Amino acid sequence: QVQLVESGGGSVQAGGSLRLSCAASGYTNYMGWFRQAPGKEREGLASINRVSGRTYYADSVKGRFTISQDNAKNTVYLQTNSLKPEDTAMYYCAASYLVVAGILPSREVNYWGQGTQVTVSS
């Protein structure tokens, strides 16, 4: 069992930035970030292959968000820049033992974090 603990969410104005963190209690091959806004489906945003360091991004966040890892701390980060009101959602960290080429599909997630709220005001 791997526990994921997110932090770093908050309220910012449009154009602002937040750095989300996800500390894992164990190692998995693949980690990613998802978000879910009220009334919408959960959306995969970014994933990272923990072995190769290769990263993948959804078109909606490409160029604005950056996923990275600190292996020594077993922590994955999501740097969110140029935030827009439509980025408002609960953001979730996810982990999988599988290795996939691309954004980690929800069905392949083995562990979810509890979520951290990001609110962007105009």
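Up top is the structure these notes are about.
To start, this report covers the structure provided alongside it. (Residues numbered from 1 in each chain as written. Predicted model: local features only at pLDDT ≥ 70, side-chain atom pairs only at ≥ 80, totals over all residues. Heavy atoms only, no water.)

1. Looking at the pattern of salt bridges
- Counting across every chain of the model gives 5 salt bridges.
- Here Asp87 ties to Arg64 by a salt bridge, and the two come within 2.7 Å at their closest N and O atoms. In this pair, Asp87 is assigned in the loop between strand 8 (75–80) and strand 9 (89–96) and Arg64 in the loop between strand 6 (55–57) and strand 7 (65–70), connecting sequence segments 23 residues apart.
- Judged by relative accessible area, which is 1%, Asp87 ranks as buried. (Salt bridge = Lys/Arg side-chain N within 4 Å of Asp/Glu carboxyl O. Helix = DSSP H or I, 4+ residues; strand = E, 2+ residues; numbered from the N terminus. Buried < 20%, exposed > 50% of the residue type's maximum accessible area, 1.4 Å probe, protein only.)

2. Regarding the packing of aromatic side chains
- Counting across every chain of the model gives 4 aromatic pairs.
- Residues Tyr30 and Tyr56 carry aromatic rings whose centres are separated by 6.4 Å and whose planes lie at 35° to one another, so their mutual orientation is tilted. Placement of the pair is Tyr30 in strand 4 (residues 30–36) and Tyr56 in strand 6, with a sequence separation of 26 residues. Across the pair, exposure class does not vary: Tyr30 and Tyr56 are buried alike. (Phe/Tyr/Trp six-rings, centres within 6.5 Å; stacked < 30°, edge-to-face > 60°.)

3. Quick word on the side chain of Thr75
- Relative to the assigned elements, Thr75 resides in strand 8.
- Among the polar contacts made by the side chain of Thr75, one reaches the main-chain carbonyl oxygen of Lys73 at a distance of 2.9 Å. (Polar contact = N/O pair within 3.5 Å; in protein donor to acceptor, adjacent residues only side chain to side chain.)

4. Let's talk about unusual backbone geometry
- The residue Asn74 is not glycine, and still its phi comes out positive at about 50°.
- Accessibility expressed as a relative area gives 15% for Asn74, which makes it buried.
- We note that Ser82 has phi near 50°; this positive angle belongs to a residue other than glycine.
- With respect to the secondary-structure elements, Ser82 resides in the loop between strand 8 and strand 9.
- Judged by its relative accessible area of 41%, Ser82 is partly exposed.

5. Details of the nonpolar core
- Core analysis: the largest hydrophobic core is formed by 28 residues, its most contacted members being Leu4, Met31, Trp33, Phe65, Ile67, Leu78 and Tyr91.
- Elements with a contribution of two residues or more to this core: strand 3 (18–24), strand 4, strand 5 (43–49), strand 7, strand 8, strand 9 and strand 11 (116–121).
- Residue contacts for Ile67: discarding those within four places in its chain leaves Met31, Gly32, Trp33, Ala46, Ser47, Ile48, Thr55, Tyr57, Val76, Tyr77 and Leu78.
- The next biggest cluster of nonpolar side chains, apart from the first, holds 7 residues, and it includes Tyr30, Val100, Leu104 and Val109. (Core = buried A, V, L, I, M, F, W, Y, C linked by side-chain atoms within 4.5 Å. Contact = heavy atoms within 4.5 Å.)

6. Structural notes on the pairing of strand 7
- One ladder, built from 6 bridges, connects strand 7 with strand 8; its direction is antiparallel. By the bridge assignment, Ile67 is partnered in strand 8 with Leu78.
- Taken together, strand 7 and the strand that follows it, strand 8, pair antiparallel across an intervening segment of 4 residues, in which Asn74 is found at a positive phi of about 50°. (Pairing = 2+ DSSP bridges.)

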